[in-house]
Amino acid sequence: MEKKQEKSDLMEKIVSLCKRRGFVFPGSEIYGGLANSWDYGPLGVELKNNIKSYWWKKFVHQRDDMVGIDAALIMNPKVWEASGHLSNFSDPLIECEKCHERFRCDDPHSPEATQEMFDHLTKKHSDVKHLVSSFKLIGENFTKPKQFNLMLKTFLGPAEESVNTVYFRPETAQAMFVDFKNVLTTSRKQVPFGIAQIGKAFRNEITPGNFIFRTREFEQMEIEYFIHESGWQEFFEHWKEQMNEWMREVGINLDLVHEVEISEEDRAFYSKRTIDFEFDFPFGQKELFGLAYRTDYDLSRHQKESGENLAYKDPQTGEEFIPHVIEPTWGVDRAMLAILVSAYQEDGERVYLKLKPSMAPYKVAVFPLLANKPQLVEKAREIYDLLRKDMNVAWDDRGNVGKRYYAQDEIGTPYCITVDFDTLGEKGEELKDTVTVRDRDTAKQERMKIGELKAYLKEKIG
Ligand code: ATP
């Protein structure tokens, strides 16, 4: 019980820090918000961009066998017919008979679902409270599960007719299949190779919630890695390792990550192996990322439906085949939440985000000891301008230095530099042009020459 309370407190603390410090705000707040929509503020967008650019660097720039694309968000609806999304991309939904509130419910007999239905009845419909003593009575107040399609529909063009109906993509993946041939011919890559994409996806989720964990508009980072069927096990292992490595490098606590092997009956019918990487979020162990072997299902479907030949001819062996696919997939928003949960630290009076320097919104903050001493401000400004050429630097001259440290700790800035009277040479030549550099995690300070700062920070920050 105590643990549960601690965890819900942690979630509240993270949500509140995100709002207070400008990581994530409720969307459209001045109009009363829009349920479960969130806006990333000045610090949130920096963290999110760091996550995405590190991913791109590791998986596209630093590999010979990968290229990227950035496809249109709205695709020809035939794509979604071919992929099966229009007929199958749905979640089971149940509805309260009394108020018609809807719930996503994979198994209405599971203890989790029963608890949720029970909670709903007792909180919202106290008149049935005394009835709720068995599953049968709970079940009677809800409809049987029916499939609800999660595709978000809209119309293109000036007429709202079904002929113009299009869909916001529910995943970025399909564009990599649809563009396969174009990428192959223009990039001159050979199988095995992969296509990567980062972008928004939309799903009309039945029960969005848990802050940025499940929203109707979110961002994905996906890779479709094309292979010959014979190598699938080897490449599956390779990508499993790569995903673990990436998580460690961005500061996701691997002790909180669980690799869950998805059983045959729970896997998509075309997948021969799927692993969910689940994370101990404060609200429970839930999916963070996924890894699937999708066979040649996608390219075969698109070949059949489009009439285009999507086969690949091996230049060495002359063999012609439809490539098979390993798909590692990441949610950007869930990555950010897992990073924040992993980084959140309390240490006596101090709250700090122990972010990896590569992820931190600001790499360093620069302060003049006193804001009303022009010489200090001028010198600090020089350092600020010097460092800004290479990294994102914060400037703070409000209040006292202690308060500024506290504020930078809370947003995860790894280093703070203070310009004081010693810097100006008031205690003699030896300390002239030196500053204090304070480390976020140890709260220790050391004195360093201004001329050495850049190299020091570059080495620490990477
Ligand atoms: P879930 O079971 O949680 O609904 P899923 O299995 O449908 O997720 P995928 O289709 O595998 O998810 O999507 C790939 C990744 O996209 C997920 O691992 C997750 O990180 C992210 N993702 C999926 N749906 C959402 C959402 N509604 N909000 C935020 N991120 C999401």
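Residues numbered from 1 in each chain as written. Predicted model: local features only at pLDDT ≥ 70, side-chain atom pairs only at ≥ 80, totals over all residues. Heavy atoms only, no water.

Let's talk about the sheet that holds strand β12 (residues 273-281)
For step 1, the next point in the chain: If you walk across this open sheet you meet the 7 strands as β3-β9-β10-β16-β13-β12-β11, and the pairing is mixed. In the strand order of this sheet, the two ends are held by β3 (66-68) and β11 (257-261), each with one partner. Averaged over neighbouring strand pairs, the angle between their axes works out to 25 degrees when direction is ignored.
For step 2, the next point in the chain: Of the strand pairs in this sheet, β11 and β12 are connected by 5 bridges, and their pairing is antiparallel. (Pairing = 2+ DSSP bridges. Helix = DSSP H or I, 4+ residues; strand = E, 2+ residues; numbered from the N terminus. Axes fitted to C-alpha atoms, helices over the stretch in contact; angles between N-to-C directions.)

Regarding the packing of helix α2 (residues 42-61) against helix α11 (residues 332-343)
For step 1, the next point in the chain: Where α2 contacts α11, the axes come no closer than 10 Å and their chain directions differ by 110 degrees. Between α2 and α11, the crossing angle belongs to the class labelled roughly perpendicular. Contacts between α2 and α11 involve Gly44, Leu47, Lys48, Ile51 and Lys52 on the former and, on the latter, Val332, Asp333, Ala335, Met336, Ile339 and Leu340.
For step 2, the next point in the chain: Residue classes in the contact of α2 with α11 are distributed as 7 nonpolar, 1 polar and 3 charged. (Parallel < 35°, antiparallel > 145°, perpendicular 65-115°, else oblique. Contact = heavy atoms within 4.5 Å. Nonpolar A, V, L, I, M, F, W, Y, C, P; charged D, E, K, R; others polar.)

Describing the packing of aromatic side chains
For step 1, the next point in the chain: Enumeration over the complete set of coordinates arrives at 30 aromatic pairs.
For step 2, the next point in the chain: Note on Tyr225 and Phe235: the rings are 5.3 Å apart at their centroids and 50 degrees apart in plane angle, and the pair reads as tilted. Taken together, the residues Tyr225 in strand β10 (residues 217-227) and Phe235 in helix α9 (residues 232-250) connect sequence positions 10 residues apart.
For step 3, the next point in the chain: With relative accessibility at 2%, the residue Tyr225 sits in the buried group.
For step 4, the next point in the chain: Judged by centre distance (5.3 Å) and plane angle (85 degrees), the rings of Phe269 and Tyr297 are edge-to-face. Of the two residues, Phe269 sits in the loop between β11 and β12 while Tyr297 sits in helix α10 (residues 297-306), which places them 28 residues apart along the sequence.
For step 5, the next point in the chain: Exposure remark for Phe269: the relative accessible area of 64% places this residue in the exposed category.
For step 6, the next point in the chain: Here a set of aromatic residues connected by ring pairs shows up, and it is made of Trp55, Trp56, Phe59, Tyr225, Phe235, Trp239, Trp246, Phe289 and Trp330.
For step 7, the next point in the chain: Sitting over the ring of Phe213, Arg334 keeps its end group 3.7 Å from the ring centre.
For step 8, the next point in the chain: The ring of Trp395 is capped by Arg381, whose NZ or CZ atom sits 4.8 Å from the centre of that ring. (Phe/Tyr/Trp six-rings, centres within 6.5 Å; stacked < 30°, edge-to-face > 60°. Buried < 20%, exposed > 50% of the residue type's maximum accessible area, 1.4 Å probe, protein only. Lys NZ or Arg CZ within 6 Å of the ring centre and 35° of its normal.)

Looking at the state of the cysteines
For step 1, the next point in the chain: Summed over all chains, the structure comprises 0 disulfides.
For step 2, the next point in the chain: The cysteine Cys416 is free of any disulfide, with Cys18 supplying the nearest cysteine sulfur at 19 Å. (Disulfide = S-S within 2.5 Å.)

Some thoughts on the sheet that holds strand β5 (residues 102-104)
For step 1, the next point in the chain: Taking strand neighbours across the sheet as the criterion, the 3 strands line up as β5-β4-β6 in an open arrangement whose pairing is antiparallel. Because the sheet does not close on itself, it has two edges, and the strands there are β5 and β6 (146-149). The average angle at which neighbouring strand axes cross in this sheet is 50 degrees, direction not considered.
For step 2, the next point in the chain: Both strand β4 (residues 90-95) and β5 contribute to a ladder of 3 bridges, which runs antiparallel. Its bridge partner lying in β5, Glu95 is registered against Arg102.

Describing the pairing of strand β13 (residues 284-293)
For step 1, the next point in the chain: As judged from the 9 bridges shared by β12 and β13, these two strands associate in the antiparallel manner. Opposite Asp276, over in β13, you have Gly290 as the bridge partner.
For step 2, the next point in the chain: Here β12 folds back onto β13 in antiparallel fashion, the turn holding 2 residues.
For step 3, the next point in the chain: By the bridge criterion, 5 bridges tie β13 to strand β16 (residues 324-331) in an arrangement that is antiparallel. Residue pairing for β16: Leu291 is matched across the bridge by Pro328.

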